[in-house]
Amino acid sequence: MISSTTFNHVKYLWDERKAASLAGDEIALFLYRSNILGADLRITNYGGGNTSCKTMEKDPLTGETVEVMWVKGSGGDIGTLTRSGIAGLYTGRLRNLKNVYRGLAQEDEMVALFYHCLYDLESKAPSIDTPLHGLLPFKHIDHLHPDALIAVAAAKDSREITREIWGDTMGWVPWQRPGFDLALMLEQCLKDNPGIRGIVLESHGLFTWGDTSYECYMNSLEVIEMASAFIAEREGKNRPVFGGEKSAACLLRRAKNKPP
Ligand SMILES: [Zn+2]
């Protein structure tokens, strides 16, 4: 039985009774998951990171059933995320933007095109991180900036440390600013490493996922716990956590100042 004592470095806040009261409402459960993730600042810094879920909805234009991605919009914080803070987009349309993407130099023009993908007309403005969730196939996705993951992601030998902690269950992509290109890198990483449980983004943070909000929540907590335990164990031996690191505090600040 999972309880608050299962984790030493993150807070387990999933309340079965609360979740049961939201059963059947995927969006409400996704907002609940987001709020409890954001309640622990070790899991993500204020205003950092975003979360998403994908549901099947009736398309008012055709009457057909289509997949819609619900994702935190621009601004705000996952800890206080509500229905008005999310954007709902046709996943298919978002993926089709690959056909018009012209490369890094024209990346900023993609943001305007996200509006053409909106399903929910009440949507919050889609953020630059929208395609990072849209190009991954998973129903529930967390993108977080956990302290422990920033330490791993910002280390000089980040890729090797990622492998040391999670073996071949975790992907890793080199630094790229958030945008369409990074979304393509995540998609390629998953294609090259099928079956992984998440992806570490160099000098940035973490992507984790699951089939349900609960599975996604547990995956995120376990991955962060593993990184935290790895760091704590190294610290306990009274030697530098990561050999090649310049200055942990400096790197942490730098990574946190990068846009969500
Ligand atoms: Zn981020």
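Shown above is the structure to which this text applies.
Thresholds, definitions, all that
Residues numbered from 1 in each chain as written. Predicted model: local features only at pLDDT ≥ 70, side-chain atom pairs only at ≥ 80, totals over all residues. Heavy atoms only, no water. Donors = N, O, S within 2.8 Å, 3.2 Å for Na, K, Ca; no water. Buried < 20%, exposed > 50% of the residue type's maximum accessible area, 1.4 Å probe, protein only. Salt bridge = Lys/Arg side-chain N within 4 Å of Asp/Glu carboxyl O. Helix = DSSP H or I, 4+ residues; strand = E, 2+ residues; numbered from the N terminus. Axes fitted to C-alpha atoms, helices over the stretch in contact; angles between N-to-C directions. Parallel < 35°, antiparallel > 145°, perpendicular 65-115°, else oblique. Left-handed = near helix turned anticlockwise from the far one by under 90°. Contact = heavy atoms within 4.5 Å. Nonpolar A, V, L, I, M, F, W, Y, C, P; charged D, E, K, R; others polar. Pairing = 2+ DSSP bridges. Core = buried A, V, L, I, M, F, W, Y, C linked by side-chain atoms within 4.5 Å. Right-handed = clockwise from strand over helix to strand, strands pointing away.

**Description of the coordination of the zinc ion**
Tetrahedral metal sites with four donors have an ideal angle of 109.5 degrees; octahedral sites with six donors have ideal angles of 90 or 180 degrees. Taken together, His143 (NE2), His145 (NE2) and His204 (NE2) make up the protein donors of the zinc ion, found 2.0 to 2.1 Å from the metal. Along the chain, the residues donating to the zinc ion fall in the pattern H-x1-H-x58-H. Overall, His143 belongs to the buried group, its relative accessible area being 0%. The class for His145 is buried, based on a relative accessible area of 2%.

**Things to note about the pattern of salt bridges**
All chains considered together, the criterion is met by eleven salt bridges. The shortest N-O distance in the salt bridge between Asp40 and Arg42 comes to 3.2 Å. A residue is classified by how much of its surface remains accessible, and Asp40, at 2% relative accessible area, is buried. When the shortest N-O distance is used, the salt bridge between Glu164 and Arg234 registers 2.7 Å. Linking Glu164 in helix α7 (residues 158-166) with Arg234 in helix α9 (residues 213-236), this pair joins segments that are 70 residues apart in sequence.

**Focus: the packing of helix α2 (residues 26-38) against α9**
Contact geometry of α2 with α9 gives a least axis separation of 9 Å together with a crossing angle of 20°. By the criterion of interaxial angle, the relationship of α2 to α9 is roughly parallel. Taken as a pair, α2 and α9 cross one another with a handedness that is right-handed. In contact with Leu29, Phe30, Arg33, Ile36 and Leu37 of α2, α9 contributes Ser213, Cys216, Tyr217, Ser220 and Leu221. Here the contact of α2 with α9 is built from residues that sort into seven nonpolar, two polar and one charged.

**Brief notes about the sheet that holds strand β4 (residues 140-144)**
The pairing of strands in a sheet comes from backbone hydrogen bonds and takes either a parallel or an antiparallel form. Taking strand neighbours across the sheet as the criterion, the seven strands line up as β3-β2-β1-β4-β7-β6-β5 in an open arrangement whose pairing is mixed. Across the chains shown, the open sheet's two edge strands, defined by having one partner strand only, are β3 (86-90) and β5 (170-173). Here the average twist between neighbouring strands, direction ignored, is 20°. Sitting on the sheet, α7 is in contact with β5 and β6 (198-201), with an inclination near 175° to β5.

**Some thoughts on the nonpolar core**
Across soluble globular proteins, nonpolar side chains have a tendency to be buried as a group. Core analysis: the largest hydrophobic core is formed by 34 residues, its most contacted members being Trp14, Trp166, Val200 and Leu221. Here this core gets eight residues from one element, more than from any other, and that element is α9. The contacts of Trp166, once residues within four sequence positions are left out, are Leu149, Val152, Val200, Val223, Met226 and Ala227. Counting residues in hydrophobic clusters, the runner-up holds 29 residues, among them Leu94, Tyr101, Ala183 and Ile196.

**A word on the pairing of β5**
The alternating pattern of β5 places Met170 and Trp172 and Gly171 and Val173 on opposite faces, both of which are buried. Bridging between β5 and β6 involves four bridges; their strand directions are parallel. Its bridge partner being in β6, Met170 is matched across the sheet by Gly198. Running through helix α8 (residues 180-192), the crossover from β5 to the neighbouring parallel element β6 is right-handed.

**Describing the pairing of strand β2 (residues 65-72)**
Counting buried positions along β2 gives six out of eight residues, so the element sits mostly inside the fold. Note: strand β1 (residues 50-58) against β2, seven bridges, orientation antiparallel. Of the residues in β2, the one forming a bridge with Thr55 is Val68. Linking two consecutive strands that pair antiparallel, namely β1 and β2, is a turn of six residues; a positive phi of about 80° is found at Gly63 within it. Across five bridges, β2 lies against β3 in antiparallel orientation.

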